[in-house]
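# Analysis of the macromolecular model
Listed here are the chains, written in short residue letters.
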Amino acid sequence: MLAMTVTMAVVLAAVPGAKAPAACMPVYTRLIPCMEYVTSGGLVPPSPSCCRGVRAVAMFRGYARVLACRCIEEVAPLYSGSVDYSTVTSLPASCGVHMPFAISPSIDCSK
């Protein structure tokens, strides 16, 4: 149904002047600690706080899960070219977390 990999939302929260809907802030704040991992191309392991955030987002259910996907869907296109998507895609596994959706530049939350 959803396609995610936790980090695009993180990226929006870290961009000065970026406007995020208030409803997305719980998603973004959980993923901000993952920025170093995704911007380093995976050279730096994900921090414990990053993995806690990934775990928290992975546990979202129902509307919260759909909202998380939509928040990520909104920011994913802003970062194509500046984030290594293979690193983003590997983030849940690097944290030992199964995500119910995977992030990509073409994330589609309607599925």
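Residues numbered from 1 in each chain as written. Predicted model: local features only at pLDDT ≥ 70, side-chain atom pairs only at ≥ 80, totals over all residues. Heavy atoms only, no water.

Looking only at helices and strands, the chain has six helices and zero strands in total. Of the regular secondary structure in the chain, the N- to C-terminal order runs α-α-α-α-α-α. Relative to all contacts within the chain whose residues are 6 or more apart in sequence, the contacts with residues 24 or more apart total 76%. When the accessible area of the chain is evaluated, it comes to approximately 5,300 Å², of which 60% is carbon and sulfur surface. (Helix = DSSP H or I, 4+ residues; strand = E, 2+ residues; numbered from the N terminus. Contact = heavy atoms within 4.5 Å. Areas by Shrake-Rupley, 256 points an atom, 1.4 Å probe, with all protein chains shown as cover.)

Core analysis: the largest hydrophobic core is formed by 30 residues, its most contacted members being Val27, Val54, Leu91, Cys95 and Met99. Of all the secondary structure elements, the ones that give two or more residues to this core are α2 (25-31), α3 (35-39), α4 (48-58), α5 (62-75) and α6 (85-94). The greatest single-element share of this core, amounting to six residues, is contributed by α5. (Core = buried A, V, L, I, M, F, W, Y, C linked by side-chain atoms within 4.5 Å. Buried < 20%, exposed > 50% of the residue type's maximum accessible area, 1.4 Å probe, protein only.)

Now for the state of the cysteines. Covalent bonding between the sulfur atoms of two cysteines is what defines a disulfide. Scanning the model with the defined rule gives three disulfides in all. In this model Cys24 forms its disulfide with Cys71; the gap between the sulfur atoms is 2.0 Å. Judged by the sign of its S-S torsion, about -90°, the bond between Cys24 and Cys71 is left-handed. Here the residue Cys24 occupies a position in the loop between α1 (7-14) and α2, and Cys71 occupies one in helix α5, the gap between them amounting to 47 residues. For Cys24, a relative accessible area of 4% corresponds to the buried category. Each sulfur in the disulfide pair Cys34 and Cys50 lies 2.1 Å from the other. The chirality of the disulfide connecting Cys34 with Cys50 is right-handed, given an S-S dihedral of about 105°. Of the two residues, Cys34 is situated in the loop between α2 and α3 and Cys50 in helix α4; the sequence distance between them amounts to 16 residues. One exposure class covers both Cys34 and Cys50, and it is buried. (Disulfide = S-S within 2.5 Å.)

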